[in-house]
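Each chain, letter by letter, is given below.
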Amino acid sequence: MLVRSALHQAGACALTELLRFPAPEQRTIPCGCGHQARYRELRSKTILTVLGEVVAARPYYLCPHCQQGQFPADAQLDMVDTSFSPDVRRMQALVGQQAPFDQGREQLRLLAGLQVTAKSVERVAEAIGADIARQEQHEMDRAVQLHLPIVIGEPVPILYIQMDGTGVPVVKKETVGRKGKIDGLPAHTREAKLGCVFTQTKWEDAGFAIRDPDSTNYTGAIENAEQFGKRLYLEAWNRGWSRAQKKVVLGDGAEWIWNLAQQHFPAAIQIVDLFHARQHLWNLARLLHPQHAKRRNAWIGLHQKRWLDKGKIAKLVAALRSIHTADADLAKKIRNEADYFANNATRMNYPQLRKQHLFVGSGVIEAGCKSVIGQRLKQSGMFWTINGANSILALRCSHLNGRFENYWESRRVA
Ligand SMILES: [Zn+2]
């Protein structure tokens with residue numbers, strides 16, 4: 001480490017020499033106001049690079065008309081309004097999407113020998129994430145206005161789309177006027193929507209579906225269903241939606257999911273996650289037999305679970321509708337559950353779906369909610385602004401989807 005840090009210091013000296021710009025021959029450059037800015041002097045600023053601190057002395061131009069100053073060299077070096085080199089910012093963004101900002105600060109010190117503050121990791125990671133999110137938004141807007149270019153490639157046998165929502169704890173100002181889950185208490189979370197796209201080519205000998213390795217992409221944000229629909233559509237499109245032989249949308253019973261599926265993915269097979277459907281049965285069993293675990297099990301075991309697993313939803317609904325109770329509140333809850341199964345009946349034909357070797361569970365997106373959002377955004381003591389959470393989420397998805405390096409490459413090219 002001693003040798004490395006000595007070489008870093010030597011490198012920083014060399015870099016400082018390289019970053020001492022000669023006085024420019026070009027004495028004036030255009031200013032945004034329409035007049036000409038004039039060269040004044042070389043001005044120095046300290047920059048933290050992967051070699052440590054260096055000093056850059058670069059030409060400064062001032063417009064006598066509007067008093068606006070500019071450093072054209074900063075734009076060329078991708079160092080506008082920052083004291084971190086692009087590669088140090090890339091490191092800060094990488095550790096910032098991975099773990100709490102203070103852990104990122106520590107990693108940079110231990111691994112790269114760089115002294116930065118947790119706050120600067122936060123600022124830089126969020127700024128880069130916001131830039132990625134802006135680019136995605138731009139692509140989404142374009143996708144709505146124009147027909148998307150066809151992505152050429154092999155046909156995709158089965159393409160899946162799954163989506164789900166999970167609460168992200170936010171600072172007070174982000175929930176003003178919103179109702180909480182518990183009556184009378186303010187909400188302290190906002191729902192982040194997460195979607196994933198993956199493919200399937202094979203199944204096990206026993207017939208169960210196998211997800212293609214490394215085929216899963218994630219995308220998500222705290223936003224309304226309409227915005228999220230565009231986001232997920234773009235992701236699906238880029239993954240070959242138009243050349244998928246079989247298309248599947250899988251989710252729990254939430255209404256927004258099916259509205260969105262109808263609007264953006266009308267050709268897809270719709271499947272309600274089997275385990276959520278079973279959960280509905282268990283909730284109902286608990287209502288019917290609040291005190292007796294044995295009776296609950298018996299009720300579920302009698303016919304209900306078998307009907308569900310066999311996709312005999314009409315029978316299940318009829319059985320639910322035939323339950324009579326004097327308790328008006330309970331009767332209403334039973335009606336709601338019967339409606340849930342009736343409304344989703346066509347999405348619950350599990351034997352037929354299994355015959356096609358399709359997934360019937362939304363486990364991938366549920367695991368995604370935990371790993372993509374939960375592990376980074378829902379740690380104890382964390383409270384996010386919506387912009388902050390969305391920036392980190394964009395960064396995290398970009399990294400997980402293997403696009404983080406592409407982003408920096410495109411910055412270099414620009
Ligand atoms: Zn000017």
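Being a predicted model, the structure only gives us computed values, none of them experimental. (Residues numbered from 1 in each chain as written. Predicted model: local features only at pLDDT ≥ 70, side-chain atom pairs only at ≥ 80, totals over all residues. Heavy atoms only, no water.)

Enquirer: Is there a simple way to think about the nonpolar core in this case?
Expert: Note on soluble globular proteins: their nonpolar side chains tend to be buried together. Counting residues in each nonpolar core, the largest one holds 90 residues, and the members touching the most others are Ile161, Met163, Phe265, Leu308, Phe341, Met348 and Tyr350. The contact partners of Phe265, leaving out residues within four places of it in the chain, are Ile161, Leu232, Tyr233, Ala236, Trp241, Val249 and Leu260. (Core = buried A, V, L, I, M, F, W, Y, C linked by side-chain atoms within 4.5 Å. Buried < 20%, exposed > 50% of the residue type's maximum accessible area, 1.4 Å probe, protein only. Contact = heavy atoms within 4.5 Å.)

Enquirer: For this particular structure, what's the right way to read the pattern of salt bridges?
Expert: Taken as a whole and assessed by the stated rule, the structure comprises 23 salt bridges. Between Glu41 and Arg43 there is a salt bridge; the shortest N-O distance is 2.7 Å. Overall, Glu41 belongs to the partly exposed group, its relative accessible area being 34%. Through salt bridges with shared partners, a single ionic network connects Asp78, Arg89, Asp131, Arg134 and Arg411. (Salt bridge = Lys/Arg side-chain N within 4 Å of Asp/Glu carboxyl O.)

Enquirer: Any chance you could explain helix H9 (residues 293–309) here in plain terms?
Expert: Along an α-helix, a turn takes 3.6 residues, which lines up residues three or four apart on a common side. Of all bends in H9, the biggest is about 50°, found at Gly301. Those residues of H9 that fall on the buried side of the exposure criterion are Arg296, Trp299, Ile300, Gln304, Trp307 and Leu308. In this fold, the buried residues of H9 make contact with helix H8 (274–288), helix H10 (313–321), helix H11 (328–343) and helix H12 (350–355). Positive backbone phi, at 75°, marks Gly311, one or two positions downstream of H9. (Bend = angle between axes of the 7 residues up to and from the residue. Helix = DSSP H or I, 4+ residues; strand = E, 2+ residues; numbered from the N terminus.)

Enquirer: Would you explain the packing of aromatic side chains in this entry?
Expert: How two aromatic rings sit relative to each other is given by the distance of their centres and the angle of their planes. Overall, the coordinates contain 13 aromatic pairs when judged by the stated rule. A centroid spacing of 6.2 Å and a plane angle of 75° characterise the contact between Phe404 and Trp408, whose relative ring orientation is edge-to-face. Taken together, the residues span about one helical turn, with Phe404 and Trp408 both in helix H15 (residues 404–413) at a distance of four residues. Just as Phe404 is buried, Trp408 falls in that class too. Taking 5.2 Å as the distance between ring centres and 85° as the angle between the ring planes, the aromatic pair formed by Tyr407 and Trp408 counts as edge-to-face. In terms of burial, Tyr407 and Trp408 fall into one category: buried. (Phe/Tyr/Trp six-rings, centres within 6.5 Å; stacked < 30°, edge-to-face > 60°.)

Enquirer: I would appreciate a short explanation of a positive patch on the surface in the present structure.
Expert: Among the surface-exposed residues, Arg306, Lys310, Lys312 and Lys315 lie close enough to one another that they form a single positively charged patch. Structurally, Lys315 is set in helix H10. (Patch = residues over 30% accessible without salt bridge, like charges linked within 9 Å, V, L, I, M, F, W, Y side chains within 5 Å. Areas by Shrake-Rupley, 256 points an atom, 1.4 Å probe, with all protein chains shown as cover. Lys, Arg positive; Asp, Glu negative; His and termini not counted. Charge placed at Lys NZ, Arg CZ, Asp CG, Glu CD.)

Enquirer: How should I be thinking about the coordination of the zinc ion in this particular structure?
Expert: Metal coordination angles have textbook ideals: 109.5 degrees for a tetrahedral set of four donors and 90 or 180 degrees for an octahedral set of six. Bound to the zinc ion on the protein side are Cys31 (SG), Cys33 (SG), Cys63 (SG) and Cys66 (SG), at distances that span 2.3 Å. One way to put it: the four donor atoms around the zinc ion meet at angles of 104 to 118°, and that makes the site tetrahedral. We note that the donor set of the zinc ion lies within a single chain, spaced as C-x1-C-x29-C-x2-C. In this pair, Cys33 is assigned in the loop between strand S1 (28–30) and strand S2 (36–49) and Cys63 in the loop between strand S3 (52–62) and strand S4 (69–70), connecting sequence segments 30 residues apart. Residue class for Cys33 comes out partly exposed when judged on its relative accessible area of 35%. By relative accessible area, Cys63 is classed as buried at 0%. (Donors = N, O, S within 2.8 Å, 3.2 Å for Na, K, Ca; no water. Tetrahedral: all angles 85-135°; square planar, octahedral: opposite > 155°, others 65-115°.)

Enquirer: When you look at the pairing of strand S9 (residues 244–251) in this model, what are you seeing that I'm missing?
Expert: Successive side chains on a regular strand alternate, one facing one side of the sheet and the next facing the other. Most of S9 sits out of view: six of its eight residues are buried. Strand direction decides the pairing type here: strand S5 (residues 156–169) and S9, joined by six bridges, are parallel. Bridge assignment links Ile158 to a residue of S9, and that residue is Lys246. Examined bridge by bridge, S9 and strand S10 (residues 269–272) share four bridges and lie parallel to one another. (Pairing = 2+ DSSP bridges.)

Enquirer: Could you clarify how one ought to interpret the sheet that holds S1 in this entry?
Expert: Neighbouring strands of a sheet are bound in pairs by backbone hydrogen bonds; such pairs are parallel or else antiparallel. Within the open sheet, the four strands sit side by side as S1-S2-S3-S4. Their pairing is antiparallel. The open sheet has two free edges, formed respectively by S1 and S4, since each of these has just one partner strand. Two strands pair when backbone bridges link them, and S3 and S4 are joined in this way by two bridges, in the antiparallel orientation. By the bridge assignment, Tyr61 is partnered in S4 with Gln70. Seen against the sheet, helix H1 (residues 2–18) touches S2 and S3 and runs at an angle of roughly 10° to S3. (Axes fitted to C-alpha atoms, helices over the stretch in contact; angles between N-to-C directions.)

Enquirer: When you look at H8 in this model, what are you seeing that I'm missing?
Expert: If you check H8, its first and last C-alpha atoms are 21 Å apart, about what 15 residues at 1.5 Å a residue would give, namely 21 Å. For H8, the set of buried residues is Leu274, Ala277, Leu281, Leu284 and Ala285. Down the axis of H8, the buried side of the element spans an arc of 105°, and every buried residue falls inside it. Those residues of H8 that are buried are in contact with S10, H9, H10, H11 and H12. (Expected span 1.5 Å × (residues − 1). Arc of directions from axis to C-beta.)

Enquirer: Explain the confidence of the model for the protein to me, please; I cannot follow it from the model alone.
Expert: Regions with low pLDDT carry predicted coordinates that are not meant to be interpreted in detail. Residues of the protein with pLDDT of at least 70 account for 97%, and the chain-wide mean is 93. Ranking the elements of the protein by mean pLDDT puts H9 last with 88 and helix H3 (residues 86–98) first with 98. (pLDDT = per-residue confidence, 0-100.)

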